[in-house]
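Close look at the chain arrangement
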Amino acid sequence: MTLKAFMAIDKDFILAEVDPRIYGSFIEHLGRAVYGGIYEPGHPTADGQGFRQDAMEAIRKLQVPIIRYPGGNFVSGYNWEDGVGPQSERKRKLDLAWWTTETNQVGTNEFADWAKKAGSEVMMAVNLGTRGVDDARNLVEYCNHPSGSYWSDLRISHGYKEPHRFKTWCLGNEMDGPWQIGAKTAVEYGRLANETAKVMKWVDPALELVVCGSSGSGMPTFAEWEATVLDLTYDQVDYLSLHTYYNNNEGDTKNFLARSLDMDRFIRSVASICDYIQAKKRSKKKIHLSMDEWNVWKTIGSSRANERWQIAPPEFEDTYNMEDALVVGCCLITMLKHADRVKMACLAQLINTIAPIMTETGGDLWLQTTYYPFLHASMHGRGTVLHPVIRSPKYDSKDFTDVPYLEAVSVYNEEQGQITVFAVNRHLEEDLQLDMNLRSFGKARVLEHLVLEHEDLKASNTKEHPGRVLPHNRGNAAAEDGLVRAVLSKASWNVIRLEVQPV
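Presented here is a report on the structure given in the accompanying data block. (Residues numbered from 1 in each chain as written. Predicted model: local features only at pLDDT ≥ 70, side-chain atom pairs only at ≥ 80, totals over all residues. Heavy atoms only, no water.)

Attention now moves to the overall build of the chain. Broken down by element type, the chain carries 10 helices and 25 strands. At 23 Å, the chain has a C-alpha radius of gyration in line with the 23 Å of a compact globule built from 503 residues. For the chain, the residues scored as buried account for 62% of the 503 residues in total. Considering only residue pairs separated by 6 or more positions, the chain has 77% of its internal contacts joining residues 24 or more positions apart. Total accessible area on the chain stands at roughly 19,600 Å², and carbon and sulfur atoms take up 48% of it. Counting 55 positive and 67 negative side-chain charges, the chain places the centres of these two groups 3 Å from one another. (Helix = DSSP H or I, 4+ residues; strand = E, 2+ residues; numbered from the N terminus. Rg over C-alpha atoms; globule rule 2.2 N^0.38 Å. Buried < 20%, exposed > 50% of the residue type's maximum accessible area, 1.4 Å probe, protein only. Contact = heavy atoms within 4.5 Å. Areas by Shrake-Rupley, 256 points an atom, 1.4 Å probe, with all protein chains shown as cover. Lys, Arg positive; Asp, Glu negative; His and termini not counted. Charge placed at Lys NZ, Arg CZ, Asp CG, Glu CD.)

Okay, the layout of surface pockets next. In this structure, the largest pocket occupies an estimated 670 Å³ of space. Among the elements that take part in the lining of the largest pocket, strand β10 (residues 239-246) stands out by supplying four residues, more than any other. Taken together, the residues of the lining of the largest pocket sort by class into 14 nonpolar, 12 polar and five charged. One number sums up the size of the second largest pocket: a volume of about 420 Å³. Looking at the second largest pocket, it is lined by 20 residues, and the ones nearest its centre are D264, R268, K337, H338 and E407. (1 Å grid on protein atoms, 1.4 Å probe; cavity = no way out; pocket = protein on both sides within 12 Å on 5 of 7 lines; lining within 4 Å. Points joined across faces, edges and corners; volume = space filled by probe spheres on them. Nonpolar A, V, L, I, M, F, W, Y, C, P; charged D, E, K, R; others polar.)

Another point: the environment of A258. Note on placement: A258 falls in the loop between α7 (253-256) and α8 (260-281). Between the C-alpha atoms of A258 and R426, which are 168 residues apart in sequence, the distance is 8.2 Å. Filtering out sequence-adjacent residues up to four positions away, A258 remains in contact with Y395, S397, F400, V403 and R426.

Two side chains bearing opposite charge may form a pair once their charged atoms approach each other closely. Per the stated rule, a full pass over the model turns up 35 salt bridges. Put simply, R485 and D435 hold a salt bridge, and the shortest N to O gap is 2.6 Å. Here D435 lies in strand β21 (residues 432-437) and R485 lies in strand β24 (residues 483-488), a separation of 50 residues in the sequence. With a closest N to O distance of 3.0 Å, K490 and E455 form a salt bridge. Remark: E455 occurs in the loop between β22 (443-452) and β23 (478-480) and K490 occurs in the loop between β24 and β25 (492-501); sequence separation between them is 35 residues. By relative accessible area, which is 28% here, K490 ends up partly exposed. The exposed category is assigned to E455, whose relative accessible area is 64%. (Salt bridge = Lys/Arg side-chain N within 4 Å of Asp/Glu carboxyl O.)

Take unusual backbone geometry next. Omega for the peptide link from Y69 to P70 comes to 0°, which places this bond in the cis form. Following the sequence through the fold, P70 ends up in the loop between β4 (66-69) and β5 (93-95). A positive phi is found at Q63, a non-glycine position, where the angle reads about 55°. Along the polypeptide, Q63 turns up in the loop between α1 (53-62) and β4. Assessed through its relative accessible area of 40%, Q63 is described here as partly exposed. In the Ramachandran plot, A312 falls in the positive-phi region, its phi being about 45° despite a non-glycine side chain.

Taken as a whole and judged by the stated rule, the model has 18 aromatic pairs. Between Y39 and F51, the ring centres sit 6.0 Å apart and the planes meet at 65°, which makes this aromatic pair edge-to-face. Here Y39, found in the loop between β3 (24-26) and α1, pairs with F51, found in the loop between β3 and α1; they are 12 residues apart in sequence, far enough to count as distant. Neither Y39 nor F51 differs from the other in exposure class; each is buried. Measuring from centroid to centroid gives 5.5 Å for Y371 and Y372, while their planes differ by 75°, and the two rings are edge-to-face. Overall, the relative accessible area of 2% leaves Y371 in the buried class. Taking NZ or CZ as reference, R68 lies 4.6 Å from the ring centre of F26, over its face. In this structure, R308 is placed above the aromatic ring of W99, and the distance from its NZ or CZ to the ring centre is 3.9 Å. (Phe/Tyr/Trp six-rings, centres within 6.5 Å; stacked < 30°, edge-to-face > 60°. Lys NZ or Arg CZ within 6 Å of the ring centre and 35° of its normal.)

Encoded structure:
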């Protein structure tokens, strides 16, 4: 018996416009993300500033609209002044977050230059671990104030006449975590974040601010932390952060592929808390969500640098396989299904450290399996998310019940007259026939059916074999008037692009 699923897509079932920043990423001073990743002055492709152009090209293709910087745990012990001014005069400092030595050769201005070259905005983070209100306001003044003040004129003396005008700022990082430098209770953090946010916006009223939610839904203070922090900061902030990572360290693939249901539950829970505080305060303002750390992270919980105080040692350089790509795809679909609340997200991280892009020092780079779902979503997932009506067979796993074999969402780009369906078949052994009804759009024509699949779910791309797992466009989606049928191969990521002619 053929496994079958059904999906109805109606032009009037509108959820929300996709904020392109949902396809953001993250670069922290961790491992080889900065040094040896985006920055390697001696590399054959390095430009005049030392930025690797092969890495730049791979990142530009992803069309990443915003990148969070400089951390992460790193920011909670970082003095931003150490990373500005003449590079030859910058001091080396011990980074207590990752037990390494930070050379400070890349700092705020260099990263601003790099981000501009990459076509990305910067999501800047301030240190609320060892520092606070004063340093945050000074950093905003340095980055965003045009001229005529001490910090803005200092920036100008460093060669940056025009302000960076960073708009989006994070108020610290994971401040509930005992691993965090300067960790705080919800009340301690909420009060500090509120006062910091207030003063930052006095310097630059155009800022939008992200306040720290829990470090994860498994934290003992989860939910209470969000409610307390929001209660103390609601009038000053615009977004609440969510962090979540998944892995298959137990070796249970069916359960692993269902992990996006946990993300769905996490988003719904946090959105409910935001709405509760809004009701409590009788506020007209709605707090949106920033999923500013998410990914598959296999080595989470492992030790920091094996030998302390190295400079940019390899750290958390996970090798991703086919099943990891499927989970990344499911997570992207889940966030799109919540496009009305999730306005920003950062795949953590972008290069070398738990990343879709890997580099060899002095050598080539290669793209991991997880690069491709992220690429496809960023390229084709711009527009309006439509509420699909889906019927799918389901299964149960260790931690989840009623897991649909079909995980899917549709995005309508009215300007281009195109609909893109992102779909994952979670079944490990059976293909899935998907019938889609698009009759409200009139006729439909298949432009492309991209597929990422591999017979071996543990197959990975490596330096030696960079092309082992690659997408192809040999999918079999076919359209007849407003009906589309596709067979989704077992354990596959699918991108079905359709041209529609609305009636």
